[in-house]
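Survey of secondary and tertiary structure
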Amino acid sequence: MKKIKWCVIGAGGIADRRTIPAIMKDEGSELVAVMDRVPEVAEAIGKKYGVAYYTEEREMLASTDADAVYIGTPVFAHKEQALTALEFGKSVFVEKPITMTSAEAEELVDAFRKAGKQLTVGYMMKHHNLHERAKAMIEGGEIGKPVSVRAKFSCWYPDIPGAWRQQKKLGGGGAFMDLGVHCAELIEYVLDDEIIEIKSMTATSTFSYEVEDSAVVIFRTKGGVLGTIEANFNISDAASTSALEIYGNSGYVSCKGTLAQTEGGTLTHLYAPQGDYSAMQDRVTSEPKTYEGEGADLYQKQIKRFGELLLAGKTDLYFAEKAVHIQKLTEMVYENAEK
Ligand SMILES: NC(=O)c1ccc[n+]([C@@H]2O[C@H](COP(=O)([O-])OP(=O)(O)OC[C@H]3O[C@@H](n4cnc5c(N)ncnc54)[C@H](O)[C@@H]3O)[C@@H](O)[C@H]2O)c1
């Protein structure tokens, strides 16, 4: 069986925690080399997984016969490194958010389209079995017509001197750029709709870094759904309960604890169509049903799908284009917050 050979740029963070273990587990994938700007990190990760290690991406790309490159570096480095990999004829899997700006993102997707190479962005939450189920339920009319959405995603991210995510020029933004983008991508995927209008507020109320630790966005989709996204860096991990609640005119799907790196949490569904107006506001017409996350590895699902596409000799830039749109929305969020 032919395996996809992977090399990694930016090996020390999420790459080591999630993506490299997913590559190692995936039957159709093989890790051949890693690179990190920090020599000790490159060496430690190379030795941990028993592969060649480098501190320069060009040197790694010239010395290996990898088919695919995973980029797990801070956002400011994504565009240049993805273009460098493309120069070496590689397909690329870049972490979210795709780039610092939508202009950079457009440039990147255009370059991959022209070269006929695959570009995938690490929005892994759409592969969660409960998000797939929510999408199928909505498509199947099981909540009626979607009318209202609420997404919430948070963590505890205190002041850390030198942290790239806390500097606008390195991370591009704060809680929305890091967490809110996952919500926006997921909402559009699950609803099969597009956010077209937003109003937003941001604040840095708990910490002293330059980017926002709190963001609230109100949005309208093309299909007429109204909703909110709340992204916070200042809610303790234990108190952070992620949520994606979608209400239709005949019921709801409510995902709790599913916006996460693991396939856990629950989805509760209620189908409750209502006839005439009831002044009594009687609500319960049927029992809600709850489903559990299946506990699969979301990162392995991404790696597997990427590999299958390459092995079939295909490219699919649909989600990369969606990632460009998410960067446009992110810019709208920051512009509107400044008004
Ligand atoms: N999809 C997810 O679940 C998820 C989770 C966490 C982070 N991320 C994304 O992954 C990316 C990295 O985040 P992280 O938390 O792993 O960051 P990190 O700072 O923990 O790790 C980044 C690694 O890249 C290395 N690095 C920095 N600059 C480099 C450069 N120019 N060239 C090569 N190596 C370089 C660092 O030494 C470090 O080892 C970001 O885009 C982030 O948004 C995605």
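You'll find the structure just up there.
The paragraphs below set out a description of the structure included in this document. (Residues numbered from 1 in each chain as written. Predicted model: local features only at pLDDT ≥ 70, side-chain atom pairs only at ≥ 80, totals over all residues. Heavy atoms only, no water.)

Notes on the packing of helix H6 (residues 129-139) against helix H8 (residues 175-191)
Relative orientation of the contacting elements H6 and H8 amounts to 40 degrees, with a least axis distance of 8 Å. With respect to each other, H6 and H8 are oriented oblique. Taken together, the residues of H8 that come into contact with H6 (itself represented by His-131, Glu-132, Ala-134, Lys-135 and Ile-138) are Leu-186, Tyr-189, Val-190 and Leu-191. Residues of the contact of H6 with H8, tallied by class, amount to six nonpolar, one polar and two charged. (Axes fitted to C-alpha atoms, helices over the stretch in contact; angles between N-to-C directions. Helix = DSSP H or I, 4+ residues; strand = E, 2+ residues; numbered from the N terminus. Parallel < 35°, antiparallel > 145°, perpendicular 65-115°, else oblique. Contact = heavy atoms within 4.5 Å. Nonpolar A, V, L, I, M, F, W, Y, C, P; charged D, E, K, R; others polar.)

Observations concerning the site of the ligand
The ligand sits among 27 residues. The nearest are Ile-14, Asp-36, Lys-96, Arg-165 and Tyr-299. Interatomic distance of 3.1 Å between a backbone N/O atom of Gly-12 and an oxygen atom of the ligand. Within the backbone of Thr-73, an N or O atom sits 3.5 Å from an oxygen atom of the ligand. Put simply, the ligand lies in the largest pocket. Of the residues in the shell around the ligand, the class split is 11 nonpolar, nine polar and seven charged. Mapping the shell around the ligand onto the domain boundaries places at least three of its residues in each of domain 1 (4-124 + 299-309) and domain 2 (129-292). (Near = heavy atom within 4 Å. Polar contact = N/O pair within 3.5 Å; in protein donor to acceptor, adjacent residues only side chain to side chain. 1 Å grid on protein atoms, 1.4 Å probe; cavity = no way out; pocket = protein on both sides within 12 Å on 5 of 7 lines; lining within 4 Å. Sits in = over half its atoms within 2 Å of the grid points. Domains from an automatic or database assignment.)

Some remarks on helix H4 (residues 78-87)
Extensive coverage of H4 is indicated by the burial of seven of its 10 residues. Within H4 the residues assigned to the buried category are His-78, Lys-79, Gln-81, Ala-82, Thr-84, Ala-85 and Leu-86. Along its buried surface, H4 packs onto strand S1 (4-9), helix H3 (57-63), strand S4 (68-71), strand S5 (91-94) and helix H5 (102-115). Just downstream of H4 lies Gly-89, where phi reads positive at about 80 degrees. (Buried < 20%, exposed > 50% of the residue type's maximum accessible area, 1.4 Å probe, protein only.)

Comments concerning the sheet that holds strand S7 (residues 146-154)
Sheets are built from strands paired through backbone hydrogen bonds, the pairs being either parallel or antiparallel. The eight strands are arranged S8-S9-S10-S7-S11-S12-S13-S14 in an open sheet whose pairing can be described as mixed. The open sheet has two free edges, formed respectively by strand S8 (195-203) and strand S14 (289-292), since each of these has just one partner strand. Across the sheet, the axes of successive neighbouring strands diverge by a mean angle of 10 degrees, strand direction being ignored. Summarising the sheet, S8 and strand S9 (residues 214-221) pair through eight bridges and their orientation is antiparallel. Bridging across to S9, Ile-198 finds its partner in Phe-219. In the packing of H8 onto the sheet, contacts are made with S7, S8, S9, strand S10 (226-232) and strand S11 (243-248), and the angle to S10 comes to roughly 150 degrees. Most of the contacts of helix H10 (residues 318-338) go to S8, to which it runs at about 50 degrees, and overall it touches S8 and S9. (Pairing = 2+ DSSP bridges.)

Remarks on the packing of H5 against H10
Two numbers describe how H5 lies on H10: the axes approach to 8 Å, and their chain directions differ by 170 degrees. One way to sum up the angle between H5 and H10 is to call them roughly antiparallel. Across the interface between the two elements, Ser-102, Ala-105, Glu-106, Val-109 and Arg-113 from H5 touch Ala-320, Glu-321, Val-324, Gln-327, Lys-328 and Glu-331 from H10. For the contact of H5 with H10, the class distribution of residues is four nonpolar, two polar and five charged.

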